[in-house]
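Fold and geometry: a report
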Amino acid sequence: MLYYLLVLHVLVHTSLASIPEENEKALWDSGQNGVKYPYKSPLTCPQHTRCLPISSCPFLNEVLNNECARSERLANLACGYQGSGYVCCPQMVQQSPSNQAPTPMVDGQECGIPAVLGRGYKSIGAYPFVARIGFKSTENGDIKYPCSGSIINNRVILTAAHCALAKSNTYKLYSVRIGEWLLNSDIDCGPEFCGLPTQDIPVSHVIVHPGFNEQIYKDDIALIVLSSKLNYSVTAQPLCLPEKWPMLGGTAVLVGWGKKAGENEMSNLQQVVHLPLVNYDTCSEVYSSVIPVTDSNICAGGEEGKDACSGFGGAPLLEQRGDIFYQIGIMSFGSDKCGMAGVPSVYVNVRKYIEWIYKNLPTLYN
Ligand SMILES: *[C@@H]1O[C@H](CO)[C@@H](O)[C@H](O)[C@H]1NC(C)=O
């Protein structure tokens with residue numbers, strides 16, 4: 001079993017002292033019918049989770065109330081002791097030790113941290129930050145999702161301007177789908193548990209960067225403002241926007257539902273692609289005859305077989321610092337020779353647009 005949910009690397013500290021006081025009491029009092037269980041092998045929870053009764057854990061409670069939740073997997077979530085009805089609950093508001101930078105927050109909760117944690121966990125809820133952008137057919141009402149975006153807060157999706165403004169005679173920007181993982185099922189289930197149904201939220205309006213030039217993908221960035229709030233859940237979490245710090249370099253993570261190098265078809269399952277970051281000078285040479293690549297871009301890919309191909313438009317490129325994912329790029333354009341050595345794809349450098357984003361985030365919420 002590689003995919004432990006939340007808890008299975010927990011047996012690091014088993015001493016009583018390592019369990020917070022509030023949990024200690026609960027451990028003793030929580031036996032059913034007044035039966036007190038011996039305090040045997042109490043399990044502690046991983047970072048960012050807390051041992052709580054299932055009923056006090058909104059995320060898991062919702063998930064488990066869902067008929068599709070797999071009860072036989074519940075034991076894997078247990079903390080305290082087996083049968084206690086306690087789970088390692090993703091902690092939404094985290095107090096940082098005062099000597100560390102404060103954890104970035106969005107809408108009163110941490111951003112950039114999946115609710116499902118676990119070493120090596122890659123399944124449903126591992127990258128809950130991505131939204132799909134829906135276009136509705138004016139002819140038959142069909143909705144297609146050719147682009148992705150990222151959840152910046154509970155009313156705003158960040159995407160590429162070429163996605164937000166895309167239109168044809170028959171398809172118009174219409175809605176955003178939140179909480180998707182596997183495309184062709186109503187309720188998505190991983191090996192451990194199932195998510196909630198996706199949320200489809202109509203678009204209120206779009207804020208496109210005034211410098212956007214669709215011929216050369218300049219300032220290819222836009223905010224999609226939703227007509228109502230999305231609900232955070234185990235498959236819907238906000239991403240953090242980066243600070244002005246220099247890029248870590250190395251690799252970044254692209255998340256979406258596009259085609260990867262060497263694949264012939266789009267994937268139904270959310271794709272997570274680890275891509276090498278490429279210096280923009282190098283990248284600029286590749287595209288300079290057609291499209292100027294500047295430091296307002298980030299380039300990634302460009303190794304044989306390692307690239308995003310079609311279908312990732314607007315998808316977020318992430319950098320992980322500690323436990324936290326920051327969005328450093330928005331998928332903008334690439335070559336039709338994607339996946340060829342020396343031909344990277346080009347992203348909007350989000351860091352260059354942070355001020356624009358904050359200035360244009362709508363402040364009116366209801
Ligand atoms: C968010 O949750 C509230 C309360 O459960 C519900 O009424 C609302 O429809 C949900 N929103 C979406 C977009 O699903």
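The notes below deal with the structure included here. Each chain has its residues counted from 1, running along the sequence as written. For a predicted model such as this one, the threshold for reporting local features is a pLDDT of at least 70, and the threshold for listing and counting side-chain atom pairs is 80 or more; totals across whole chains, interfaces and linings nevertheless cover every residue.

**Notes on the overall build of the chain**
Going along the chain from the N terminus, every DSSP run of H or I of four or more residues is numbered as a helix, and every run of E of two or more is numbered as a strand. A count of helical and extended segments in the chain gives five helices and 16 strands. Residue burial is a threshold on neighbouring C-beta atoms within 10 Å of the residue's own C-beta, all placed from the backbone, with 20 or more meaning buried, 12 or fewer meaning exposed, and counts in between meaning partly exposed. Burial analysis of the chain (366 residues in total) assigns 45% to the buried set. The contact criterion used is a C-beta to C-beta distance within 7 Å, with each C-beta placed from the backbone. For the chain, the share of sequence-separated contacts (at least 6 apart) that also reach a separation of at least 24 residues comes to 70%.

**Section: the sheet that holds strand S7 (residues 156-159)**
We call two strands paired when DSSP finds no fewer than two bridges between them. Taken in spatial order, the six strands close into a barrel running S5-S6-S7-S10-S9-S8, and their pairing is antiparallel. On average, adjacent strands in this sheet sit at an angle of 45 degrees to one another, irrespective of strand direction. Only the contacting stretch of a helix is used when fitting its axis, a line to C-alpha atoms as for every element, and angles between N-to-C directions run 0 to 180 degrees.

**Let's talk about the environment of Arg-155**
With respect to the secondary-structure elements, Arg-155 resides in the loop between strand S6 (143-153) and S7. Residue classification places Arg-155 among the buried positions, given that 22 C-beta atoms sit within 10 Å.

**Thoughts on the site of the ligand**
Proximity of a residue to a molecule or strand is defined by its backbone-placed C-beta atom lying within 6 Å of that partner. Contacts to the ligand come from Gln-199, Ile-201, Leu-230 and Asn-231. Three classes are used: nonpolar for Ala, Val, Leu, Ile, Met, Phe, Trp, Tyr, Cys and Pro, charged for Asp, Glu, Lys and Arg, and polar for all others, with Gly counted as polar. Residue classes in the shell around the ligand are distributed as two nonpolar, two polar and no charged.

**Quick notes on the pairing of strand S13 (residues 297-301)**
A large share of S13 lies buried, amounting to five of its five residues. As paired elements, strand S12 (residues 271-278) and S13 share two bridges and run antiparallel to each other. Its bridge partner lying in S13, Val-278 is registered against Cys-299. Alignment of S13 against strand S16 (residues 344-349), held across five bridges, turns out to be antiparallel. Looking across to S16, one finds that Gly-301 is bridged to Pro-344.

**Considerations on the pairing of strand S14 (residues 316-321)**
If a strand is regular, its side chains alternate between the two faces of the sheet. Sheet topology places strand S11 (residues 251-256) next to S14; two bridges connect them, and they run antiparallel. When the bridges of S14 are listed, Leu-254 appears paired with Leu-317. Bridging between S14 and strand S15 (residues 324-333) involves six bridges; their strand directions are antiparallel. Residue pairing for S15: Gln-320 is matched across the bridge by Phe-325. Where S14 hands over to S15, the hairpin turn is made up of two residues, of which Gly-322 adopts a positive phi near 60 degrees.

**Some thoughts on the environment of Ile-133**
Here Ile-133 is to be found in strand S5 (residues 130-137). Residues Ile-133 and Ser-175 lie 42 residues apart in sequence; the distance between their C-alpha atoms is 6.3 Å. With residues near it in sequence (within four places) discarded, Ile-133 still touches Tyr-145, Cys-147, Ser-148, Gly-149, Thr-159, Cys-163, Val-176, Ile-224 and Gly-314.

**A look at the sheet that holds S12**
On the basis of which strands lie adjacent, the closed barrel formed by six strands has the order S11-S12-S13-S16-S15-S14 and antiparallel pairing. Between one strand axis and the next, the sheet turns through 45 degrees on average, direction left out of account. Helix-sheet contacts for helix H4 (residues 280-287) involve S12, S13 and S16, and the interaxial angle to S16 is about 115 degrees.

**Side note on the nonpolar core**
Nonpolar cores are built from buried Ala, Val, Leu, Ile, Met, Phe, Trp, Tyr and Cys residues. These are joined into a set through C-beta atoms within 7 Å. Core analysis: the largest hydrophobic core is formed by 63 residues, its most contacted members being Ile-157, Leu-254, Ala-300, Leu-317 and Met-331. No fewer than three residues from each of domain 2 (130-237 + 355-360) and domain 3 (251-350) sit in this core. When residues no more than four places from it in sequence are discounted, the contact partners of Ala-300 are Ala-252, Leu-275, Pro-276, Leu-277, Val-278, Leu-317, Pro-344, Ser-345 and Tyr-347. Leu-52, Val-87, Cys-88 and Cys-89 belong to the second largest nonpolar core, which has five residues in total. Residue ranges for the domains trace back to a domain assignment, done automatically or taken from a database.

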